[in-house]
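Descriptive analysis of the structure
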Amino acid sequence: MRYFVLGLTLVSALVVSVLGFRGDISRKPPLEIFSDMDRQPKLRPQEPNALLPNGLSSQLLVDGTVARGTPFAATPKNTGRVSGVTNFVENLPLKVTPQLLSRGRDRYAISCLPCHGAQGDGNGITKKIGAMAVVASLHDSRIVKLPDGELFYVISEGRNLMGGYKANVTIEDRWAIVAYLRALQRSRLAFEDELSAAERAQLK
Amino acid sequence: MSDIFPKWTNRLPVWLIIGAVLVTGVSVAGVTYYFTNKYTNVGYQPVQPVPFSHTIHSGQLGIDCRYCHNGVEKSWYSNVPASSTCMNCHNQVLKDDPKLTLVRNSYSNNVPIAWTQIHKTPDYVYFNHSVHVNRGVSCVHCHGQVNKMDEVRHDKPLSMSFCLDCHRNPAEKIRPPEQVYNLDWKAPPGFAQRDGAKFVHDWKVNASQNCSACHR
C-alpha cells in the first residue's frame, strides 16, 4: 500500500511537472484533445488555402469588376463627382440629419483622430509624440474651400502622404465624416453678418 | 498444510477499494484540470511575424480597435488589418525600421502577412462578433485586456461553459455601447443590478441558451 501511494504521488508530480499549470504562456498551438469535428474542410476568412494558385481564401478583385453587393453606379453618392463629368459635387448628396452628424463624429474619432486630432487641427497623437511630421490641419482655408465631393474623394483614395480609407469606411460613413468635418470647420469660422455692429467696426 | 489464501488477503478487498478510489480521484482531477480549454487554450501566445504591440498602438496611442479591426461591428468575423492599414502611418512613422520590413514588403508586393490566429473556436460553433459588440458586450470579456498586451495571448477559455455563464445572465456584463471599445472601463458599483438589468429589458437583449444558437 505504501508503495502504491508513493507511486501515485510520483506519477501525479511527474504529470504536473510535464504538463505545467493552467494559464502558463505557451508558444505552441492549443491541443485539441477530442478533435472530432473541430477543423472541417471549409474556408474561413483570411486563412491560407491550398486550392488556388496565390494561396488566398479571400481572392483579390479582378481589375474592372466589383464584389457582389457593392455599389458601382457612377452616382454622386458613390464617387463624389457630378454624374458624367469629373467635377466634384459641391454639396453632400445625403440629407444632413442629427443622426448623420453624430455618426460622423463617431467615425471621425475612429478613423481620423489619431492623426488629425479631436479638433481637426492636425495635432493628433502621432504628431504630438513626434512620430509623424506632416499632418494637414483641416481648418486650413484651402481645405475649408474644397467641395464636399473632394473631401469624400480624399477620404476614399487618400492624397499625397495620406492613405485612402475606402476599404475600411463605408460610403455612407464617409459622407457622415464629411458632414461632421464641415461642422468642425464651422466651429472655427464666423460669417460677417453673424457679427455684432461693434465687432464689425473692430474689423475695419 | 498451509492456507490457500494467506492472512493478508483478508484485507485485499479494502485495499482494492481504497486504491480504486484514489486512482479514479486523481484521474478525474487530472482530466478536469488538463482536458479543458482553461488549460489547453489559455496562455497561448504565438510568436507573430511582426512584433506588433497592442500596448503601443491601443494603449499608448489610443487608436480605436475599429481603426484596424474594422469588420467587428459589421460581421461575424473580426478581421486582422491589411498591411495598407499599417502603412497609413508607417509610410511616415519608423519608415525604415527593420521591424517593419515585412509590412512594407507585404504592402508593395500585395502578399498578406502570415499572422498566426490565436482565438479560434471549433468549426462546429457559430460565433458572431457584431451581435455582441453592438449590444454592449466588450472585447475585454472575451479577449482580456488586449490594450495592455505587448503580444496578444489567449486570455479567456472561450469554452462552452464560458459562453453560457454570460448568456445565462448578461446583465452582469453588459455596458453602455459607447464603452464597449474602452477596455479600461469598470462598471461602477451596483451598475449591473440597476442599469445592466434595464439595458437587458429595454433593448430586449436575448442571449439564447438554445443549442441551435451556437451549433447551427
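The structure this text deals with has already been given above.
A brief structural summary. (Residues numbered from 1 in each chain as written. Chains lettered and ligands numbered in written order. Predicted model: local features only at pLDDT ≥ 70, side-chain atom pairs only at ≥ 80, totals over all residues. Heavy atoms only, no water.)

**Description of the overall build of chain A**
On a plain count of helices and strands, chain A comes out with 9 helices and 0 strands. Listing each helix as α and each strand as β along chain A from the N terminus yields α-α-α-α-α-α-α-α-α. In summary, chain A has a C-alpha radius of gyration of 29 Å against a globular reference of 17 Å for 204 residues, an excess of more than 25%. For chain A, contacts bridging at least 24 residues in sequence account for 43% of all contacts bridging at least 6. Looking at chain A as shown, the accessible area adds up to about 13,600 Å², and 60% of this sits on carbon and sulfur atoms. (Helix = DSSP H or I, 4+ residues; strand = E, 2+ residues; numbered from the N terminus. Rg over C-alpha atoms; globule rule 2.2 N^0.38 Å. Contact = heavy atoms within 4.5 Å. Areas by Shrake-Rupley, 256 points an atom, 1.4 Å probe, with all protein chains shown as cover.)

**Side note on the overall build of chain B**
Within chain B, the secondary structure is distributed over 11 helices and 0 strands. Expected size for 216 residues packed as a compact globule is a radius of gyration near 17 Å; at 25 Å, chain B overshoots this value by more than 25%. By principal-axis analysis of the C-alpha atoms, chain B measures approximately 100 × 50 × 35 Å. If you take every contact in chain B between residues at least 6 apart in sequence, the share linking residues at least 24 apart comes to 68%. Carbon and sulfur atoms make up 61% of the accessible area of chain B, which totals about 12,800 Å². Counting 21 positive and 15 negative side-chain charges, chain B places the averaged centre of each group 4 Å from the other. (Lys, Arg positive; Asp, Glu negative; His and termini not counted. Charge placed at Lys NZ, Arg CZ, Asp CG, Glu CD.)

**Quick word on the pattern of salt bridges**
All names here are of chain A. Scanning the entire structure with this criterion turns up 21 salt bridges over all chains. Where R103 meets D173, a salt bridge forms, and the shortest distance between an N and an O atom there is 2.9 Å. With R103 in helix α3 (residues 98-111) and D173 in helix α8 (residues 171-186), this pair connects stretches of sequence that are 70 residues apart. For R103, a relative accessible area of 34% puts it in the partly exposed group. Close ionic contact of D106 with R107 constitutes a salt bridge, the shortest N to O distance being 3.4 Å. For D106, a relative accessible area of 37% puts it in the partly exposed group. (Salt bridge = Lys/Arg side-chain N within 4 Å of Asp/Glu carboxyl O. Buried < 20%, exposed > 50% of the residue type's maximum accessible area, 1.4 Å probe, protein only.)

**Observations concerning the interface of chain A and chain B**
Contact with chain A, which involves 53 residues of that partner, is made by 50 residues of chain B. Between chain A and chain B, roughly 4,500 Å² of surface is buried when both sides are summed, and carbon and sulfur atoms account for 56% of that area. Inspection of the chain A/chain B interface yields 5 salt bridges. We note a salt bridge from A:R39 to B:D123, for which the minimum N-O separation is 3.4 Å. Among the elements that make up the side of chain A that touches chain B, the one with the highest residue count is helix α1 (residues 2-19) of chain A (7 residues). Residue composition of the side of chain A that touches chain B, grouped by class: 30 nonpolar, 12 polar and 11 charged. (Buried area = accessible area lost by both parts, 1.4 Å probe. Nonpolar A, V, L, I, M, F, W, Y, C, P; charged D, E, K, R; others polar.)

**Brief notes about the packing of helix α5 (residues 83-90) of chain B against helix α6 (residues 101-109) of chain B**
Residue and element names in this part refer to chain B. Contact geometry of α5 with α6 gives a least axis separation of 9 Å together with a crossing angle of 115°. The two elements α5 and α6 meet at a crossing, and its hand is left-handed. Residue-level inspection shows S83, S84, C86 and M87 of α5 in contact with α6, the latter providing V103, R104, S106 and Y107. Here the contact of α5 with α6 is built from residues that sort into 4 nonpolar, 3 polar and 1 charged. (Axes fitted to C-alpha atoms, helices over the stretch in contact; angles between N-to-C directions. Left-handed = near helix turned anticlockwise from the far one by under 90°.)

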